[in-house]
Amino acid sequence: MALLGLSLELLAVFIGFGFMVGVFFGFFGMGGSFLVTPALLILGYPAPVAIGSSMAFVFGTAVIATLKHHDVGQVDYKLGALMFVGIVLGIEGGKAIVFFLETLGRAELVVGVAYVLLLAAIGLLFVRSALNGSDDDADDAEADEIPELAQTIKSYNIPPMVTLTDGSKASMWTISGVGGGVGLVSGFLGVGGGFLRMPAIYYLIGVPLSAAVGTSLFGALMSGAVGAFSYGLSGVIDIGVVTALLIGSALGARIGSAATAYVDENDVTIYFGIMLLLASTAVAFGELATWLERPVLDTVSFVLLVGSSLFVTVVIFYYGIRAIRTADDHLSATAGGDD
């Protein structure tokens, strides 16, 4: 028996995986969609199908998560709109590279290796940031709002300058560069690009962290829409896979976004970085399975990818429940003191 063109087993896997990806997307403003393409590659989907389906999923998930951040005023729509042209051009460039590699029969290999290197690099940065952050967080909280690198970039007034929603100014060249670079990665790897876009918005453009997360999600919405439309015209999107993933992520993204009100991101960042390193290892196992013709490595790869995602989801839930209980205990104690 099959639903949405999928067996019941795959349907359950994709719904559950979509839920976890949705939690990451809503909580971090990044870090979910880049797991979908490797998972589909590991399961044997062709690179264009894996990337196109991932882009369609990015769009649906980003809509849900962006609406949640919109409710609390954490989206700079002006900045997102200014990045749009760069995103479109970048995605088309990335897509052209993928289809060229597909004609050479090398798309799956190149995309897989790119994922191994990129996930490992980003994972190491997250772990390093988390380890260093324990010392840095004790410093002036106000200074954390605008990183030193962003302050340096802002000090160079390269016209045209644009006034953002928060009143700060940024060069249109910086904004376009961020949009184009993230768009290229999105089109090539089938991701929303949040793991690059959110840090870029924060560290290069200099938007406060809370607004950087919401604006990154809005950027994912735009890049997902453009990418899904572009790949959809080529007929390489698996609607069944996308629908199953969205069913799970619809709930996950709302929960992840709501968790930001209770959980300190610094508590979870190191686990997220470790998950990226494990995901990099998982993709590497998937590539080895192809090269060595050992299907068992595909199983190891998929279990590692899903298992590491499940672990971080549980960590976010744990910290969220603990924070809510602490707040309830504090309110109870306060109420008792008033009596």
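Look up a bit, the structure's there.
This write-up is about the structure you can find in this document. Bear in mind that the values here come from a model prediction, so they are computed numbers and not experimental data.

Our focus in this paragraph is the nonpolar core. Membership of the largest hydrophobic core comes to 79 residues, with the highest contact counts inside it found for Phe17, Ile205, Val268 and Ile316. It is helix 1 (residues 8-28) that provides the largest number of residues to this core, a total of nine residues. Contact partners of Ile316, with chain neighbours within four places excluded, come to Val23, Phe24, Phe27, Phe28, Ala259, Val263 and Val268. Judged by nonpolar contacts, the second largest core, of eight residues, contains Phe25, Val58, Ala62 and Leu217.

Let us now look at the packing of helix 5 (residues 84-103) against helix 11 (residues 209-233). Taken N-terminus to C-terminus, the directions of helix 5 and helix 11 make an angle of 40°; their axes are 10 Å apart at the nearest point. In terms of axis orientation, helix 5 runs oblique to helix 11. In this structure, the crossing between helix 5 and helix 11 has a hand that is right-handed. Touching Phe84, Ile87, Val88, Ile91, Glu92, Lys95, Val98 and Phe99 of helix 5 are Gly219, Met222, Ser223, Val226, Gly227, Ser230 and Tyr231, all from helix 11. The residue inventory of the contact of helix 5 with helix 11, partitioned by class, reads nine nonpolar, four polar and two charged.

A cluster of nonpolar side chains, namely Leu109, Val113, Leu117, Leu288, Trp291 and Leu292, defines an oily patch on the protein surface of about 550 Å² accessible area. Of all the elements in the fold, those that place two or more residues in the nonpolar patch are helix 6 (107-136) and helix 13 (265-292). On the secondary structure map, Leu288 appears in helix 13. What makes Leu288 partly exposed here is its relative accessible area of 31%.

How each quantity is defined
Residues numbered from 1 in each chain as written. Predicted model: local features only at pLDDT ≥ 70, side-chain atom pairs only at ≥ 80, totals over all residues. Heavy atoms only, no water. Core = buried A, V, L, I, M, F, W, Y, C linked by side-chain atoms within 4.5 Å. Buried < 20%, exposed > 50% of the residue type's maximum accessible area, 1.4 Å probe, protein only. Helix = DSSP H or I, 4+ residues; strand = E, 2+ residues; numbered from the N terminus. Contact = heavy atoms within 4.5 Å. Axes fitted to C-alpha atoms, helices over the stretch in contact; angles between N-to-C directions. Parallel < 35°, antiparallel > 145°, perpendicular 65-115°, else oblique. Left-handed = near helix turned anticlockwise from the far one by under 90°. Nonpolar A, V, L, I, M, F, W, Y, C, P; charged D, E, K, R; others polar. Patch = residues over 30% accessible without salt bridge, like charges linked within 9 Å, V, L, I, M, F, W, Y side chains within 5 Å. Areas by Shrake-Rupley, 256 points an atom, 1.4 Å probe, with all protein chains shown as cover. Salt bridge = Lys/Arg side-chain N within 4 Å of Asp/Glu carboxyl O.

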